[in-house]
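Architecture at a glance
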Amino acid sequence: MQPLPAPCPADLVPDATAVDAFNAAYKQAKQQHTVFIAVEQQGRRWTVKADALTADPHTVDDSGYDAIRAAVIRLIRSREIRSDSSAGPVYFVLYHVESEPRARELAAALHAALYGDIEPLTRAVPETAP
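Here goes a summary of the coordinates provided.

1. Observations regarding empty space enclosed by the protein
Scanning all chains against the criterion turns up two cavities of 30 Å³ or more. Looking at the largest cavity, its volume works out to about 90 Å³. In terms of lining, the largest cavity is formed by 14 residues, of which the most central are Leu-4, Ala-29, Thr-34, Val-35 and Ile-37. Of all elements in the fold, only α1 (19-32) and β1 (36-42) reach the threshold of two or more residues within the lining of the largest cavity. Counting residues per element, the lining of the largest cavity draws most heavily on α1, which supplies four residues. Of the residues in the lining of the largest cavity, the class split is 10 nonpolar, four polar and no charged. The calculated volume of the second largest cavity comes to roughly 70 Å³.

2. Structural notes on the nonpolar core
By size, the foremost hydrophobic cluster in this structure holds 31 residues, and its most contacted members are Ile-37, Val-48, Ile-68, Leu-106, Leu-110 and Leu-114. Elements with a contribution of two residues or more to this core: β1, β2 (45-51), α2 (62-77), β4 (91-97), α3 (100-114) and α4 (119-124). Take this core: its biggest share by element is seven residues, from α3. In this structure, Leu-114 is in contact with Val-35, Ala-50, His-58, Val-60, Ile-68 and Phe-92, ignoring residues within four places of it in sequence.

3. Examining α2
Relative to the 22 Å expected for 16 residues at 1.5 Å per residue, α2 spans 22 Å between its end C-alpha atoms, a close match to the ideal helical length. Listed in full, the buried residues belonging to α2 are Gly-64, Tyr-65, Ala-67, Ile-68, Ala-71, Val-72 and Leu-75. Down the axis of α2, the sector holding all buried residues measures 160°, keeping them to one side. Set apart from the buried face of α2 by more than 90 degrees, the exposed residues are Asp-62 and Arg-77.

4. Observations concerning the pattern of salt bridges
The tally for this structure, following the rule as stated, stands at seven salt bridges. Of the charged contacts, one joins Arg-45 and Glu-98 as a salt bridge, the two residues approaching to 2.8 Å between their closest N and O atoms. Taken together, the residues Arg-45 in strand β2 and Glu-98 in the loop between β4 and α3 connect sequence positions 53 residues apart. Looking at Arg-45, the relative accessible area reads 26%, which means it is partly exposed. Among the charged side chains, a network of salt bridges with common partners joins Glu-80, Arg-102 and Glu-105.

5. Let's talk about the environment of Glu-98
With 26 residues separating them in the primary sequence, Glu-98 and Ala-124 have C-alpha atoms 14 Å apart. Residues in contact with Glu-98, not counting those within four places in the same chain, are Arg-44, Arg-45 and Trp-46. Separated by 2.8 Å, the side chains of Glu-98 and Arg-45 make a polar contact.

Reading the values: the criteria
- Residues numbered from 1 in each chain as written.
- Predicted model: local features only at pLDDT ≥ 70, side-chain atom pairs only at ≥ 80, totals over all residues.
- Heavy atoms only, no water.
- 1 Å grid on protein atoms, 1.4 Å probe; cavity = no way out; pocket = protein on both sides within 12 Å on 5 of 7 lines; lining within 4 Å.
- Points joined across faces, edges and corners; volume = space filled by probe spheres on them.
- Helix = DSSP H or I, 4+ residues; strand = E, 2+ residues; numbered from the N terminus.
- Nonpolar A, V, L, I, M, F, W, Y, C, P; charged D, E, K, R; others polar.
- Core = buried A, V, L, I, M, F, W, Y, C linked by side-chain atoms within 4.5 Å.
- Buried < 20%, exposed > 50% of the residue type's maximum accessible area, 1.4 Å probe, protein only.
- Contact = heavy atoms within 4.5 Å.
- Expected span 1.5 Å × (residues − 1).
- Arc of directions from axis to C-beta.
- Salt bridge = Lys/Arg side-chain N within 4 Å of Asp/Glu carboxyl O.
- Polar contact = N/O pair within 3.5 Å; in protein donor to acceptor, adjacent residues only side chain to side chain.

Written out as structure tokens, the structure reads:
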């Protein structure tokens with residue numbers, strides 16, 4: 001398996017739908033000491049998963065966490081993801097994403113935010129005007 005860049009672009013986010021694929025992607029992240037990121041098909045919908053424990057020690061500044069939490073809240077309120085999705089602080093999961101391309105976009109944006117670049121997340125989940 002080729003090492004993944006950190007942050008990982010959408011087209012390289014691993015598909016961890018099968019148990020073996022999930023285990024391989026998680027193991028690779030641990031070996032590389034990078035934040036785990038993957039998409040997973042669940043029925044007709046997709047799930048985005050990220051885990052910062054694989055990159056121990058890894059810290060995300062408060063502004064990064066604030067941006068991630070705000071984006072997850074916007075996604076929940078717009079019903080793009082389920083309300084039982086998680087915004088960290090260590091494990092992140094976005095349930096019920098409509099399509100694989102959107103799941104990959106959100107995964108790459110989340111991964112970038114976990115590495116301190118919130119611009120992709122801001123583009124993927126823009127703030128709406130009041």
